[in-house]
Amino acid sequence: MKGKNYYIPKVLSIAGSDPSGGAGIQADLKSFSANKTFGMSVITALTAQNTMGVQDIHLVPEGFIESQINSIFQDIIVDAVKIGMIANSSIASIISKNLRKRKVKNIVIDPVMVAKGGATLLEIDAIETIRKDLIQVADVLTPNLPEAALLTNCDIATTKSEMLTQGRRLLDLGPKAIYVKGGHLKSKKSPDLLITKNDEIWFEAPRVNTINTHGTGCTLSSAICANLAHGFEIETAISISKQYVTDAIKNADKLDVGQGHGPTHHFNNLW
């Protein structure tokens, strides 16, 4: 645009809304901003939730989801897309169709299935649509261990070896890379695993003793998306994002938000 000499990457989140601000679209936009990108959003679902859990969910009509996507792409160049809460099979198909026809690059899918408090955020029929269709457009898929188990029809991994096996199975479904988050493992460190066609790379960080981890998955996948939009290769984007989220968790207790699992500190490096 005229008069502009600085290009800011523009990153879109397609996900659900969290009115308490710790997860979903709200966390994505904070993560985009903290990682120096311009954040945009298409809302798939409205939730009533807070740090104590999810109380209610209202799905956005499918036609309106498509209208939101059209509005963005008709006007703005999109450098990367993060996909979070999909909710059902029809929404998954709409997202896949629209991203395929626009040949969107730098797509990160965080297969949000169950909230931290246990609430189900994905209908069963959507799992097969994600597995057979949506996953194939992903540059990076970022499941945690329960999500990886659901997508591979396996028990939840309890070892790094099982993480590797499930990650390989997910890679066979078509994405360019799988980033399996090992936070559910019972170990002193939190091991994550990046699997591509040519590499298997472990990213490990010490566990942080805090209950304030609401929205960590959303925050991490959004950070990866933002750093891909900056032009970093997948391994570098993940390394930067892993450190960003680790710092956000380390500083989470500086915030006083809610009575349950509070949010991470998205802007700890700025405040």
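Conventions adopted
Residues numbered from 1 in each chain as written. Predicted model: local features only at pLDDT ≥ 70, side-chain atom pairs only at ≥ 80, totals over all residues. Heavy atoms only, no water. Helix = DSSP H or I, 4+ residues; strand = E, 2+ residues; numbered from the N terminus. Rg over C-alpha atoms; globule rule 2.2 N^0.38 Å. Buried < 20%, exposed > 50% of the residue type's maximum accessible area, 1.4 Å probe, protein only. Contact = heavy atoms within 4.5 Å. Areas by Shrake-Rupley, 256 points an atom, 1.4 Å probe, with all protein chains shown as cover. Patch = residues over 30% accessible without salt bridge, like charges linked within 9 Å, V, L, I, M, F, W, Y side chains within 5 Å. Salt bridge = Lys/Arg side-chain N within 4 Å of Asp/Glu carboxyl O. Axes fitted to C-alpha atoms, helices over the stretch in contact; angles between N-to-C directions. Parallel < 35°, antiparallel > 145°, perpendicular 65-115°, else oblique. Left-handed = near helix turned anticlockwise from the far one by under 90°. Nonpolar A, V, L, I, M, F, W, Y, C, P; charged D, E, K, R; others polar. Phe/Tyr/Trp six-rings, centres within 6.5 Å; stacked < 30°, edge-to-face > 60°. Lys NZ or Arg CZ within 6 Å of the ring centre and 35° of its normal. Pairing = 2+ DSSP bridges.

Some thoughts on the overall build of the protein chain
And step 1. The helix and strand tally for the protein chain stands at eight helices and nine strands.
And step 2. The globule rule puts the C-alpha radius of gyration for 271 residues at 18 Å, and the 17 Å found for the protein chain is close to it.
And step 3. Going through the 271 residues of the protein chain one by one, you find that 56% of them count as buried.
And step 4. When contacts within the protein chain are restricted to residue pairs at least 6 apart in sequence, those whose partners lie at least 24 apart make up 66%.
And step 5. Summing over all exposed atoms, the protein chain offers an accessible surface of approximately 12,800 Å²; the carbon and sulfur share of this is 52%.

A closer look at a nonpolar patch on the surface
And step 1. Together, Tyr6, Ile8 and Phe38 make up an exposed nonpolar region whose accessible area comes to about 320 Å².
And step 2. If you trace the backbone, Ile8 turns up in the segment before β1 (10-17).

Topic: the environment of Lys103
And step 1. For Lys103, the position within the fold is in the loop between α3 (89-101) and β5 (107-109).
And step 2. Note: C-alpha distance between Lys103 and Thr159 (56 residues apart in sequence) is 37 Å.

Side note on the packing of helix α7 (residues 216-229) against helix α8 (residues 234-250)
And step 1. Put simply, α7 and α8 touch, their axes get as near as 8 Å, and they point 140° apart. Compared by their axis directions, α7 and α8 come out oblique. Between α7 and α8 lies a crossing whose hand is right-handed. Contacts from Thr216, Thr219, Leu220, Ala223, Ile224, Asn227 and Leu228 in α7 reach Ile234, Ala237, Ile238, Ile240, Ser241, Lys242, Tyr244, Val245 and Ile249 in α8.
And step 2. Considering only residue class, the contact of α7 with α8 consists of 11 nonpolar, four polar and one charged.

Here we look at the pattern of salt bridges
And step 1. Tallied over the entire structure, the rule returns 10 salt bridges.
And step 2. Between Lys181 and Asp110 there is a salt bridge, and its shortest N-O distance comes to 3.5 Å. Taken together, the residues span a long stretch of sequence, with Lys181 in strand β7 (residues 177-181) and Asp110 in the loop between β5 and α4 (124-132) at a distance of 71 residues. Of the two residues examined, Lys181 and Asp110, each falls in the buried class.
And step 3. Where Glu128 meets Lys132, a salt bridge forms, and the shortest distance between an N and an O atom there is 3.3 Å. Of this pair, Glu128 and Lys132 are both found in helix α4, four residues apart, which corresponds to roughly one turn of the helix.
And step 4. For Glu128, a relative accessible area of 33% translates into the label partly exposed.
And step 5. Look at Lys132 and you get exposed, because its relative accessible area is 57%.
And step 6. When salt bridges that share partners are traced, they join Glu128, Arg131 and Lys132 into one network.

Observations regarding the packing of aromatic side chains
And step 1. In this structure the tally under the stated criterion is two aromatic pairs.
And step 2. Consider the rings of Tyr179 and Phe203, whose centres lie 5.9 Å apart with planes at 75°: the pair is edge-to-face. One end of the pair, Tyr179, is in strand β7; the other, Phe203, is in strand β9 (residues 200-206), with 24 residues separating them in the sequence.
And step 3. Relative accessible area serves as the criterion here: at 0%, Tyr179 is assigned to the buried category.
And step 4. With 6.0 Å between their ring centres and 25° between their planes, Phe267 and Trp271 make a pair best called stacked.
And step 5. The exposure class assigned to Phe267 is buried, which follows from its relative accessible area of 19%.
And step 6. The side chain of Lys160 reaches across the aromatic face of Trp202, ending 4.5 Å from its centre.

Some remarks on the pairing of strand β3 (residues 53-59)
And step 1. Relative to β3, strand β2 (residues 38-50) runs antiparallel, the two being bridged by six bridges. Paired with Ala45 across the two strands is Leu59, which belongs to β3.
And step 2. Between β2 and β3, which pair antiparallel one after the other, the connecting turn spans two residues.

Structural notes on the sheet that holds strand β8 (residues 189-196)
And step 1. Pairing is mixed in the open sheet, where nine strands are placed in the order β3-β2-β1-β4-β5-β6-β7-β8-β9. Bordering the open sheet on either side are β3 and β9, each of which pairs with just one other strand.
And step 2. Packed on one face of the sheet, helix α2 (residues 62-75) meets β1, β2 and β4 (80-83) and runs near 160° to β2.

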